[in-house]
Amino acid sequence: MSLGIDFGTTRTVVAYADRGNYPVVSFESHTGDWVEWFPSVVAEHNGSLSFGFDALAVGEEPNARCVRSFKRLLAGAQASPGGGVTIGSVRITVRDLCERFLIALRVALQKRSNLPQAFVRQKPMHAVVAAPANAFCTQRFVTLDAFRGAGFTVLSMLNEPSAAGFEYSHRHARTLNSKREHVIVYDLGGGTFDASLVHLRGKRHEVVATSGLARLGGDDFDRVLAQMVAGESFEALGERERANLETECRGAKETLGPSSRKITIDGASAGLSEVTVAVADYFERCEPLVASTLEAMKPVLDRSAGAGFELTGVAGVYVVGGASSLPVVGRVLRDRFGKRVHRSPYAHASVAIGLAIAGDAGSGFELDDRFSRNFGVFREGRNGEQTTYDPLFTRDMPLPRSGQPTLSVERRYRAAHDVGHYRFFECTAFAEDGSPRGDLAPILDVRFPFDTRLRETPDLSRMPVSRIHGLGPQILERYDVGADGLVRLTITDLDSGYTRTCALGS
């Protein structure tokens, strides 16, 4: 038995399998209410950190520091090895922050949820988890490592829109036929936007293309409303006041319906007076954000058209993610795609439900996913005076299924330098000359001693790179990618058998 856990930017949602059904877990909040989510929040008070509902309770204290949407740190430089953040008086790595949050989630599942006892008694708990489709290697590694450190056995990691595709197929199988075998998943969450084109043939799902934005989600819609409420005073607000205002705006935003006309915000927690905003004006300010999601979808839509089925061969645009509930999102999508737009009745939980389906051995669903970014390495050339780029894995490359052998790439050569300096990175696109462009994320610097005399040197970063006199050793580089999208590296000196391995992003 396994859980489906959607570690979200603003809320974390958990689902499980129950005889072909996939109910969402409810938690008892700090106010005694029962809700279908666990807040992705951390708070510092008197040098201690609290998480989830405990963080919301502590955050009301005058000298507490509350941080919401901390998952966004996973997509930033802070998630790199050794990178950290300061929360109040506490300095902590992003990896440890995520682990402690997930420990709090596990405890809440055991002590303050309606999760069946059969799952609670599992030690450790089994889970299928997800990452944004465009998440780089570091984010994936930190997420997996944090789940394992928190006491979960991770059975597999899926891309979030791929998981939502399972929920669509489970719920809307009758919309699919031989002429309409594709669905476009539009996933607008609290901090990220993903879109995937999925080919559905019975219970076999094949991801055709994926695109998205790493830093666009419901938080940005909250900020638009907060800026309208505070006006010119917004930039002058302190960090705590701004966070309080954005939290109030989030709550008000989530109550809006198609017939709403006004939003009233009590800005007292931010030192502001009560303000009323016309909903039409707010939606107008939000339209550029929704338009940016359509722009980001272009690679998926172009792939659809290029494959010859366009939207006439698509069963629908399936709208999921908590931020998609904002009426302006549905209106803009319907203007663009017409009646083919279907919003999940459990939009906030669609990914978690899909993960629970993926973890249910009796569901029969299979997934062929794709590598969602470009991965390569900068190498040394000309005695270290020049670097060259070597692409290793490209975007939309098919990934192996869970449990199948990894996809491997090998490089063999005679070493020309005494030290190999590999600078691994990922990027979203390439320029015409083949160089990386768009979002670029450095992953890891690796130095390998080709010269056997350097293999006891503790810090090769201080060694200047120079050419080897004579014939260098024969080197084998091997790169393996599994179903989780993580890249694992092995470098071996074939002449001596000396080898080093690492998971890139660790």
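One can find the structure itself at the top, above this paragraph.
Predicted model only: the values in this text are computed from it and were never measured.

Definitions and limits used
Residues numbered from 1 in each chain as written. Predicted model: local features only at pLDDT ≥ 70, side-chain atom pairs only at ≥ 80, totals over all residues. Heavy atoms only, no water. Helix = DSSP H or I, 4+ residues; strand = E, 2+ residues; numbered from the N terminus. Rg over C-alpha atoms; globule rule 2.2 N^0.38 Å. Buried < 20%, exposed > 50% of the residue type's maximum accessible area, 1.4 Å probe, protein only. Contact = heavy atoms within 4.5 Å. Areas by Shrake-Rupley, 256 points an atom, 1.4 Å probe, with all protein chains shown as cover. Lys, Arg positive; Asp, Glu negative; His and termini not counted. Charge placed at Lys NZ, Arg CZ, Asp CG, Glu CD. Axes fitted to C-alpha atoms, helices over the stretch in contact; angles between N-to-C directions. Parallel < 35°, antiparallel > 145°, perpendicular 65-115°, else oblique. Left-handed = near helix turned anticlockwise from the far one by under 90°. Nonpolar A, V, L, I, M, F, W, Y, C, P; charged D, E, K, R; others polar. Pairing = 2+ DSSP bridges. Salt bridge = Lys/Arg side-chain N within 4 Å of Asp/Glu carboxyl O. Polar contact = N/O pair within 3.5 Å; in protein donor to acceptor, adjacent residues only side chain to side chain. Phe/Tyr/Trp six-rings, centres within 6.5 Å; stacked < 30°, edge-to-face > 60°. Lys NZ or Arg CZ within 6 Å of the ring centre and 35° of its normal.

Let us now look at the overall build of the chain. What the chain contains, in helices and strands, is 11 helices and 28 strands. Since a compact globule built from 506 residues should have a radius of gyration of about 23 Å, the 24 Å found for the chain is in line with a globular shape. With the C-alpha coordinates aligned to their principal axes, the bounding extent of the chain is approximately 80 × 60 × 50 Å. Looking at the chain residue by residue over its 506 residues, the buried ones come to 54%. Considering only contacts within the chain whose residues lie at least 6 apart along the sequence, 66% involve residues at least 24 apart. Total accessible area on the chain is roughly 21700 Å²; 48% of this is exposed by carbon and sulfur atoms. Separation between the mean location of the 59 positive side-chain charges and that of the 60 negative ones in the chain comes to 4 Å.

Moving on to the packing of helix α8 (residues 279–296) against helix α10 (residues 327–337). For the pair α8 and α10, the least separation of the axes is 9 Å and the interaxial angle reads 50°. Taken as axis vectors, α8 and α10 run oblique relative to one another. As α8 runs across α10, the sense of the crossing is right-handed. The segment α8 lies against α10, with Phe283, Cys286, Glu287, Val290 and Leu294 engaging Pro327, Val328, Val329, Arg331, Val332, Leu333, Arg336 and Phe337. Counted by class, the contact of α8 with α10 contains 10 nonpolar, no polar and three charged residues.

All right, on to the packing of helix α2 (residues 94–111) against helix α4 (residues 137–149) then. It is at 8 Å that the axes of α2 and α4 come closest, and there the two elements cross at 45°. Considering the angle they form, α2 stands oblique to α4. Where α2 crosses over α4, the two elements pack in a sense that is right-handed. Facing Arg95, Cys98, Glu99 and Leu102 of α2, the residues of α4 in contact are Val142, Asp145, Ala146, Phe147 and Gly149. Its residues assigned to classes, the contact of α2 with α4 comprises five nonpolar, one polar and three charged.

Attention now moves to α10. For α10, the set of buried residues is Pro327, Val328, Val329, Gly330, Val332, Leu333 and Phe337. Gly338 occupies a position one or two residues after α10 and carries a positive phi of about 70°.

Here we have three strands laid out as an open sheet, ordered β7-β6-β8, and antiparallel in their pairing. The two strands at the open ends of the sheet, each matched to only one other strand, are β7 (48–51) and β8 (65–68). Neighbouring strand axes in the sheet, compared pairwise and without regard to direction, differ in orientation by 20° on average. Note that strand β6 (residues 41–45) and β7 share four bridges and pair antiparallel. Within β7, the residue paired with Glu44 across the bridge is Leu49.

With that settled, the discussion passes to the pattern of salt bridges. Tallied over the full model, the rule gives 34 salt bridges. Residue Asp368 is joined to Arg204 by a salt bridge in which the shortest nitrogen-to-oxygen separation is 2.9 Å. Here Asp368, found in strand β20 (residues 366–368), pairs with Arg204, found in strand β15 (residues 204–213); they are 164 residues apart in sequence, far enough to count as distant. Ionic pairing is found between Arg331 and Glu287, a salt bridge with its closest N-O pair at 2.3 Å. Of this pair, Arg331 sits in helix α10 while Glu287 is found in helix α8, placing the two residues 44 residues apart along the sequence. Taken together, the salt bridges that share partners define one network made up of Arg72, Asp220, Arg223 and Glu246.

We now examine the pairing of strand β16 (residues 262–265). Across the two faces of β16 the burial differs, with Ile263 and Ile265 buried and Lys262 and Thr264 not buried at all. With four bridges connecting them, β16 and strand β17 (residues 275–278) associate as antiparallel partners. From the neighbouring strand, Thr264 faces β17, where its bridge partner is Thr276.

Moving on, we get to unusual backbone geometry. Of note, the bond from Lys123 into Pro124 is cis; its omega dihedral lies within 30 degrees of zero at -5°. One non-glycine residue, Asn46, adopts positive backbone phi at about 55°.

One can find Asp369 in the loop between β20 and β21 (374–381). Nearest to the buried, unbridged Asp369 among oppositely charged side chains is Arg370, at 6.9 Å. A polar contact is formed between the side chain of Asp369 and the side chain of Asn159, at a distance of 3.4 Å. Those residues in contact with Asp369, other than ones at most four positions away along the chain, are Asn159, Ser162, Val207, Met397, Pro398 and Leu399.

Right, let's talk about the pairing of strand β9 (residues 84–87) for a bit. Of the strand pairs in this sheet, β9 and strand β10 (residues 90–93) are connected by four bridges, and their pairing is antiparallel. Note on β10: the bridge partner recorded for Ile87 is Val90. As consecutive antiparallel partners, β9 and β10 are separated by two residues, and within that stretch Gly88 has a phi angle of approximately 60°, a positive value.

This next bit is on the packing of aromatic side chains. The geometry of an aromatic ring pair is captured by the separation of the ring centres together with the interplanar angle, meaning the angle of the planes. Per the stated rule, a full pass over the model turns up 26 aromatic pairs. Summarising the aromatic geometry, the rings of Phe375 and Phe424 are spaced 5.9 Å apart at their centres and angled 5° between planes, so their arrangement reads as stacked. One end of the pair, Phe375, is in strand β21; the other, Phe424, is in strand β24 (residues 419–430), with 49 residues separating them in the sequence. Assigned by exposure class, Phe375 and Phe424 land together as buried. Stacked on the ring of Phe7, the Lys or Arg Lys71 has its end atom at 5.6 Å from the ring centre. It is Arg242 that lies over the ring of Phe234; its NZ or CZ is 4.6 Å from the centre.

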